[in-house]
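Read off the chains here:
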Amino acid sequence: MARKSITPSTEVLLYADSEMDADMLYFGKVFVPDPFIAFSHQGKRIAVVSQLEFARVHKESQFDEVLSLEAVMQEARSVCRKAFVYPGSIVAHLARRRGIKAFRVSDIFPVGVAIQLGDLGVKLEVVEGMLLPEREFKTDEEAQAIKQGNAASSAGFKVVEKLLAKAEIRRGYLYLDGRRLTSEKVQEAIAVECLKRGAIAANTIVAGGDQACDPHCRGSGPLRANELIIVDIFPRISSTGYHGDMTRTYLKGRASEGQKALYNTVFEAEQEAIKEHRSGKSATLIYKSVREKFDAAGYPTRKENGFPVGFIHGLGHGLGLAVHEPPRVNPSGSRLRSGQVITVEPGLYYPGLGGARVEDVIRVRKGEPEMLSQHGYRWLIR
C-alpha cells in the first residue's frame, strides 16, 4: 500500500459499520451496525449488504446501487474457488468486473482487509487527510443538525445549573437530597435530559478541582464546594449522527480572586477568538494569539513536576459526524474556509487552582461567523 495524496482516477472504498465510522455514515446516510462494503464507481455510490439489511438500506440510504452480499459472494466464490477470502475476494471480484484499477482508502481502513486485497492484486492508496474531503464543509442542513446537538448540550447545562443551585454545602462538599453530589450523578442527569431530546450523551465530562486539570478526565466521586467544575457535553443526535459540543465551567459557593481571574481570562479569550474565525484567516495565528494573551496575563504554558499546565490543547477542532475532525485550530492549522464548523474552546489548567474551559461552536463565513451553539455563561452558583 502506497501512502499518497488523492488521485482522481481512483475510486473510494470503505469497509466499516456506519454506527461508528463517520465516513461510512456520510457516504450512505444510513445506520448499519455491522461492517459492510461500500465503494464508488463512475460517480455512483454502491453498497454490498446482507439480506438482513438489504431492503432497509435500499429504502433508507442514499446509495445509488445496493447489491446483495449473498449473490455477490456466490459469484466471487465461483471465480475464486479455493482462494476465496472474505471480504477481500468480494471487493477484488467487483473491482475486476467493473474495471476499477485502484481504490482510495482512509488511514483507518482495516489492515487485515488491506492485506487480503494486496495479496489479490488490488491496489490501495491511503489518503492523507479526509477520505471524503467534502465532509469538512457543512451544508445548511448539516449546520442545523449540529445546532440540534448543541441544543441538547444546552439542555444538559440547564440541568447542571439546577442541581448546583439546589445543592447544599456541608463540610466542604456539595449535598443534594441528603447525599453527596457526585460527578456520576450529574453525568446521569445530563444523559437523561439529552435522551429526552433525541441525543445520546456518552463520556460526558463533569470534573471538579484538580480532576479538571486533565482536559479529558471524565470526573468521578464527590464534588466539592468552592472548586471549579468543568462540564463538557458532546451529545450525538440519534436520528442524524451529528454531534453538539459545548463546555461551561461552574463553581458552587465562593470563588477566590485567583479562580475569578482564571475564569474571566478564559472567557474573554473565547469571546475574542470567536470573532476571529473568518474565511481566509490563519488557524495557526488565531491559536497563537490566544496563547500570547494567556502568557501576557500571567498564565504561561509550561511543565510543573513533569506535567504540562496552562493552555495545553488546541483552540478548536472540526465538528460533525465525529466529535473531533478536521480542521484544527492549533500550531499546525491551515487557513479557514467558508462552511467549516469549528469549536472554539480555550482553557487553562493549573493543579491547586483548578481548570477553566469555555466552548462554543461556529460555522466559518467571510464575515462574522455563524453561531451554532447558544447558552448563557453564568458560572458562579451561590
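Residues numbered from 1 in each chain as written. Predicted model: local features only at pLDDT ≥ 70, side-chain atom pairs only at ≥ 80, totals over all residues. Heavy atoms only, no water.

Caption draft 1: Quick peek at the environment of V30. When you line up the elements, V30 lands in the loop between α1 (22–28) and β3 (36–41). For the pair V30 and H58, spaced 28 residues apart in the sequence, the C-alpha separation amounts to 9.8 Å. Apart from residues no more than four positions distant in its own chain, V30 is found in contact with S18, L25, R56, V57, E60, S61 and F63. (Helix = DSSP H or I, 4+ residues; strand = E, 2+ residues; numbered from the N terminus. Contact = heavy atoms within 4.5 Å.)

Caption draft 2: Up close: the nonpolar core. Residues F27, F36, V57, F63 and I146 are the most contacted members of the largest nonpolar core, which totals 30 residues. Among the secondary structure elements, those contributing two or more residues to this core are β2 (11–16), α1, β3, β4 (44–49) and α6 (140–166). Those residues in contact with I146 that lie beyond four places of it in its chain are K138, Y242, H243, G244, L319, G320, V341, V361 and L372. Y263, A273, Y287 and A356 belong to the second-largest nonpolar core, a separate cluster that totals 29 residues. (Core = buried A, V, L, I, M, F, W, Y, C linked by side-chain atoms within 4.5 Å. Buried < 20%, exposed > 50% of the residue type's maximum accessible area, 1.4 Å probe, protein only.)

Caption draft 3: Structural detail: the packing of α6 against helix α7 (residues 183–196). Across the interface, α6 lies against α7 with an axial gap of 8 Å and an inter-helix angle of 140°. As judged from the angle between their axes, α6 and α7 are oblique. The interaxial crossing formed by α6 with α7 has right-handed handedness. Only V186, A189, I190, E193 and C194 of α7 make contact with α6, whose side of the interface consists of A152, A155, G156, V159, V160 and L163. Residues of the contact of α6 with α7, tallied by class, amount to nine nonpolar, one polar and one charged. (Axes fitted to C-alpha atoms, helices over the stretch in contact; angles between N-to-C directions. Parallel < 35°, antiparallel > 145°, perpendicular 65-115°, else oblique. Left-handed = near helix turned anticlockwise from the far one by under 90°. Nonpolar A, V, L, I, M, F, W, Y, C, P; charged D, E, K, R; others polar.)

Caption draft 4: α7, seen in detail. Taking 1.5 Å of rise per residue, 14 residues should cover 20 Å, and α7 covers 20 Å from first to last C-alpha, within 8% of that figure. Within α7, the full set of buried residues consists of S183, V186, Q187, I190, E193 and C194. Take α7 and look down its axis: the buried residues cluster within an arc of 130°, on one side only. In α7, the exposed residues that point more than 90 degrees away from the buried face are L195 and K196. Those residues of α7 that are buried lie in contact with α6, β11 (199–200), β12 (205–208) and β13 (228–233). Just downstream of α7 lies G198, where phi reads positive at about 75°. (Expected span 1.5 Å × (residues − 1). Arc of directions from axis to C-beta.)

Caption draft 5: Layout of the sheet that holds strand β10 (residues 179–180). Strands sit in the order β8-β9-β10 across an open sheet of three strands; the sheet is antiparallel. Each edge of the open sheet carries a strand with a single partner, namely β8 (168–170) and β10. Of the strand pairs in this sheet, β8 and strand β9 (residues 173–176) are connected by three bridges, and their pairing is antiparallel. Bridge pairing links E168 to Y175 in β9. (Pairing = 2+ DSSP bridges.)

Caption draft 6: Unusual backbone geometry, seen in detail. Of note, the amide linkage connecting Y86 to P87 takes the cis form, showing an omega dihedral of 0°. The omega torsion across P326 and P327 is 5°, close enough to zero to call that bond cis. Relative to the helices and strands, P327 is located in strand β19 (residues 325–329). Of note in the backbone geometry, Q42 takes a positive phi value of approximately 55° without being a glycine.

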